[in-house]
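Listed here are the chains, written in short residue letters.
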Amino acid sequence: MITPWNFPLAMGTRKIGPAIAAGCTMVVKPAGLTPLTMLWLAQALADAGLPDGVLNVLTTTRTGEVMEPIIRDPRLRKLTFTGSTGVGRRLVEQSAEGLLRVSMELGGNAPFLVFDDADLDAAVDGAMLAKMRNIGEACTAANRFIVHESVAPAFGEKLAARMGDLVVGRGTEDGVDVGPLVEEKQRDSVAELVDDAVGKGATVLTGGSAVDGDGWFYRPTVLADVPTDARVRTEEIFGPVAPIITFTDEDEALRIANDTEYGLVAYAFTRDVSRVVRIYEGLETGMVGINQGIVSNPAAPFGGVKASGFGREGGTEGIEEYLETKYVGLAL
């Protein structure tokens, strides 16, 4: 089990829980940026009575060097990974030697569709949840706001007002809404995407720059008039940036939404029930949120399609990832 830094406890429990229920022993390699959370979880499970040797936590900053021999070990039966698509592809290659059971929860490029009949205030509320959960450092974060041209100016104005009102600062300070990104590299990556979009003609409605001083802070940002060749339309942002793209009809909205190698989650706001069916059937994603900005639910299967991976965590489907089907034909 290889877990990410952005939700170190939740990603651990989603993998460990069903594995224990299925009777598996496991090795967990937490992210190098957040190892202490997994060590705490392992201690909590030990205190609760989990036998020694069932859950084994291996911390390292040399992930590839340490994990590849384990992945290639003939005793291993399954590999589960949450993280970037690039790393996931390499892990799948390594797993092929042992024909491992593999589940991959990889990157996302979530579209957030707003149709002309949507409740704009509800859409902005949903946008704040879908974009700013964990400061945008989530694979489920809304990455592209695809808004009908007739309501795009109003939606952009409302979203920019809400984003611009967020207070950026350290979590130890009163009244802070938005903390730092995880590291300097991530802050610089977000800045590059925004600078690229602005350089190609995008309009900054709010934010658009890093915060001066210590810490890896970036201002909540809304971009309008984002051109088709801007990197922010195709790359996962993983930060507090909301690029707005306009469309004219339903077919164009679906085309823009599906114009990505990723397919983890999508969001759509509309009051037309018949359109809801067409939209969720037409979206090439593993999950869809209709008129809501959060789709994660422990009782529901979580996972994507295309370059966002395969396999599911959560729901009744989650334990199936740790089980094998056996057929027995018996004659007495």
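Scroll up a little and you will see the structure.
Residues numbered from 1 in each chain as written. Predicted model: local features only at pLDDT ≥ 70, side-chain atom pairs only at ≥ 80, totals over all residues. Heavy atoms only, no water.

Caption draft 1: Just the sheet that holds strand S14 (residues 309-310), in detail. One open sheet holds the three strands; their spatial order is S3-S4-S14, and the pairing between them is mixed. Each of the sheet's edge strands pairs with one partner strand only, and the pair in question is strand S3 (78-82) and S14. (Pairing = 2+ DSSP bridges. Helix = DSSP H or I, 4+ residues; strand = E, 2+ residues; numbered from the N terminus.)

Caption draft 2: Quick look at the layout of surface pockets. Its boundaries defined by the atoms lining it, the second largest pocket holds a volume of some 620 Å³. Contributing to the lining of the second largest pocket are 23 residues, with Cys24, Thr25, Leu76, Arg77 and Lys78 lying nearest its centre. Mapped onto the lining of the second largest pocket, the elements with two or more residues apiece are strand S1 (26-28), helix H3 (63-71) and S3. Grouping the amino acids of the lining of the second largest pocket by side-chain chemistry returns twelve nonpolar, four polar and seven charged. (1 Å grid on protein atoms, 1.4 Å probe; cavity = no way out; pocket = protein on both sides within 12 Å on 5 of 7 lines; lining within 4 Å. Points joined across faces, edges and corners; volume = space filled by probe spheres on them. Nonpolar A, V, L, I, M, F, W, Y, C, P; charged D, E, K, R; others polar.)

Caption draft 3: Representation of the packing of helix H5 (residues 120-132) against helix H6 (residues 152-164) within the structure. Put simply, H5 and H6 touch, their axes get as near as 10 Å, and they point 50° apart. Here H5 lies oblique to H6, going by the angle between them. In the packing of H5 onto H6, the handedness of the crossing is right-handed. Contacts from Leu120, Asp121, Ala123, Val124, Asp125, Ala127, Met128, Lys131 and Met132 of H5 reach H6 at Ala154, Phe155, Lys158, Leu159, Arg162 and Met163. Across the contact of H5 with H6, the residue classes break down as ten nonpolar, no polar and five charged. (Axes fitted to C-alpha atoms, helices over the stretch in contact; angles between N-to-C directions. Parallel < 35°, antiparallel > 145°, perpendicular 65-115°, else oblique. Left-handed = near helix turned anticlockwise from the far one by under 90°. Contact = heavy atoms within 4.5 Å.)

Caption draft 4: Local environment of empty space enclosed by the protein. The final tally for this structure, using the stated rule, is three cavities of 30 Å³ or more. Volume-wise, the largest cavity comes out at about 60 Å³. Pro111, Thr260, Tyr262, Gly263 and Thr285 are, among the 15 residues lining the largest cavity, the residues nearest its centre. Looking at the lining of the largest cavity residue by residue, the classes come out as six nonpolar, six polar and three charged.

Caption draft 5: Region of the structure containing the pattern of salt bridges. The tally for this structure, following the rule as stated, stands at 20 salt bridges. Here glutamate 68 makes a salt bridge to arginine 72, at a shortest N to O gap of 2.8 Å. Judged by its relative accessible area of 29%, glutamate 68 falls in the partly exposed class. The class for arginine 72 is partly exposed, based on a relative accessible area of 33%. The partner of arginine 89 in a salt bridge is glutamate 261, with the nearest N and O atoms 3.1 Å apart. (Salt bridge = Lys/Arg side-chain N within 4 Å of Asp/Glu carboxyl O. Buried < 20%, exposed > 50% of the residue type's maximum accessible area, 1.4 Å probe, protein only.)

Caption draft 6: Structural detail: the pairing of strand S8 (residues 221-224). Residues Thr221 and Leu223 point to one face of S8 and Val222 and Ala224 to the other, with burial holding for every one of them. Here strand S7 (residues 203-206) runs beside S8; their pairing, made up of three bridges, is antiparallel. By the bridge assignment, threonine 206 is partnered in S8 with valine 222. Where S8 and strand S9 (residues 241-247) come together, three bridges link them in parallel fashion. Paired with threonine 221 across the two strands is valine 241, which belongs to S9.

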